[in-house]
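Observations on the model geometry
Here are the chains, one letter per residue:
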Amino acid sequence: KIVVFHTCTSYAGFDEETGEPTDNVGYCTEPGRLIIELFFDDAPNTAESFLKLSESDYYTNTIFHRIIPGFMIQGGDPNSKNWTFPSDWGKGGEKYGGGNLKAEFNNINHDRGIVSMARSSHPDSAGSQFFIVHEKSAHLDGQYTVFGRIITQESYDTLDKIANLETVNNRPVEPKLAEIKKTDVVTRSSLENILTLDTAQQGEWLPTVKKRYSNAE
């Protein structure tokens, strides 16, 4: 099964001050999907939890609350559904059924487009939060559980758009532009133009990033 997150990185017809639709006709001008293939053979428990959470709409209306271009975009925290208290973003979330996941570190590298579990400093502290690698981050290899990858060019384009949103303290200034608006679970056979592993590192957004971040923040 494939998880599909629907996003929108640009809107029209909204009042800039209030954020409310103008004449009730606000609409999305740049819809985008993040289409994620799960690695059940490499991280079975993590992939299963992510799938179950997705099937239950757990991730719908969460946002990518931590955005660092050239590194990754991080989401999956139910606290991020509340835009009033951004200080709580990044502090919530559990695996499907509750509690934390045990680490399933594997030999898959953190290349562009890889989906991996966020955690605190303890290896077995992952819950529901995940990140998508924006630029190859080899310093994370073997330290975080890789459990999937994005598999279409549209997904890479959407990744770039979210990674390049305006932020303050790595948080999106406009949360709705980083929101997972809808979640679908589909079969691989229903998709077209799936990229092979040989065509990873899609896109041209690959500037050099000197500062190295940890995802145990």
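Notes on the structure follow. (Residues numbered from 1 in each chain as written. Predicted model: local features only at pLDDT ≥ 70, side-chain atom pairs only at ≥ 80, totals over all residues. Heavy atoms only, no water.)

**Some details on the overall build of the protein**
- Counting secondary structure elements, the protein contains two helices and twelve strands.
- Listing every helix and strand of the protein by position from the N terminus yields β-β-β-β-α-β-β-β-β-β-α-β-β-β.
- For the protein, with 217 residues in total, the buried portion stands at 46%.
- Intrachain contacts of the protein at a sequence separation of at least 6 include 73% that bridge at least 24 residues.
- In the form shown here, the protein has an accessible surface area of approximately 10600 Å², with 46% of it arising from carbon and sulfur atoms. (Helix = DSSP H or I, 4+ residues; strand = E, 2+ residues; numbered from the N terminus. Buried < 20%, exposed > 50% of the residue type's maximum accessible area, 1.4 Å probe, protein only. Contact = heavy atoms within 4.5 Å. Areas by Shrake-Rupley, 256 points an atom, 1.4 Å probe, with all protein chains shown as cover.)

**Notes on the side chain of Thr 46**
- One can find Thr 46 in helix H1 (residues 44-55).
- Classification of Thr 46 by relative accessible area gives buried; the value is 1%.
- If sequence neighbours within four positions are ignored, Thr 46 has contacts with Leu 101, Glu 104, Met 117, Thr 145 and Phe 147.

**What to know about the nonpolar core**
- Grouped together as the largest cluster of nonpolar side chains are 36 residues, with contacts concentrated most on Phe 5, Phe 50, Phe 64, Phe 130 and Ile 132.
- If you list the elements that add at least two residues to this core, you get strand S1 (2-8), strand S4 (31-38), H1, strand S7 (114-117), strand S8 (130-133), strand S9 (146-150) and helix H2 (153-163).
- Of all hydrophobic cores here, the second largest spans twelve residues; its members include Phe 39, Met 72, Leu 140 and Tyr 144. (Core = buried A, V, L, I, M, F, W, Y, C linked by side-chain atoms within 4.5 Å.)

**Overview of the sheet that holds strand S6 (residues 72-75)**
- Here we have eight strands laid out as an open sheet, ordered S5-S6-S8-S7-S9-S4-S1-S12, and antiparallel in their pairing. Both outer strands of the open sheet, strand S5 (66-68) and strand S12 (182-186), are each paired with one neighbouring strand and no more. In this sheet, neighbouring strand axes are inclined to one another by 25° on average, regardless of whether the strands run parallel or antiparallel.
- Most of the contacts of H1 go to S1, to which it runs at about 50°, and overall it touches S1, S4, S7, S8, S9 and S12.
- Across the sheet, H2 touches S1, S4, S5, S6, S8 and S9, and the angle it forms with S4 is around 115°. (Pairing = 2+ DSSP bridges. Axes fitted to C-alpha atoms, helices over the stretch in contact; angles between N-to-C directions.)

**Digging into H2**
- The complete set of buried residues in H2 reads Ser 155, Tyr 156, Thr 158, Leu 159, Asp 160, Ile 162 and Ala 163.
- Looking at the packing, one finds that the buried side of H2 touches S1, S4, S5, S6, S8 and S9.

**Things to note about unusual backbone geometry**
- One non-glycine residue, Asp 57, lies in positive phi territory at about 65°.
- Along the chain, the position of Asp 57 falls in the loop between H1 and S5.
- Looking at Asp 57, the relative accessible area reads 41%, which means it is partly exposed.

**Digging into the pairing of S9**
- Most of S9 is tucked away: five of the five residues are buried.
- Bridge count for S4 against S9 is three bridges, and the pairing is antiparallel. Among the inter-strand pairings, Ile 36 is bridged to a residue of S9, identified as Ile 150.

**Describing the pattern of salt bridges**
- Inspection of every chain in the model, using the stated rule, returns ten salt bridges.
- A salt bridge links Lys 136 to Asp 111, with the nearest nitrogen and oxygen atoms 2.6 Å apart. Taken together, the residues Lys 136 in the loop between S8 and S9 and Asp 111 in the loop between S6 and S7 connect sequence positions 25 residues apart.
- With a relative accessible area of 36%, Lys 136 lands in the partly exposed category.
- A relative accessible area of 22% means that Asp 111 is categorised as partly exposed.
- A salt bridge links Lys 181 to Glu 179; its shortest N-O distance comes to 3.7 Å. (Salt bridge = Lys/Arg side-chain N within 4 Å of Asp/Glu carboxyl O.)

**Some points on the packing of aromatic side chains**
- Applying the stated criterion to the full structure yields ten aromatic pairs.
- Ring geometry for Tyr 59 against Phe 130: centres 5.4 Å apart, planes inclined by 85°, an arrangement best described as edge-to-face. Separated by 71 residues along the polypeptide, Tyr 59 in the loop between H1 and S5 and Phe 130 in strand S8 bring together distant segments of the chain. Phe 130 matches Tyr 59 in its accessibility class, with the two residues each being buried.
- An aromatic cluster is built from Phe 5, Phe 50, Tyr 58, Tyr 59, Phe 64, Phe 130 and Phe 147, whose rings are joined through pairwise contacts.
- One Lys or Arg, Arg 119, reaches over the ring of Tyr 144 and ends 4.3 Å from the middle of that ring.
- Directly above the aromatic system of Tyr 11 lies the positively charged group of Lys 176, at a separation of 5.0 Å from the ring centroid. (Phe/Tyr/Trp six-rings, centres within 6.5 Å; stacked < 30°, edge-to-face > 60°. Lys NZ or Arg CZ within 6 Å of the ring centre and 35° of its normal.)

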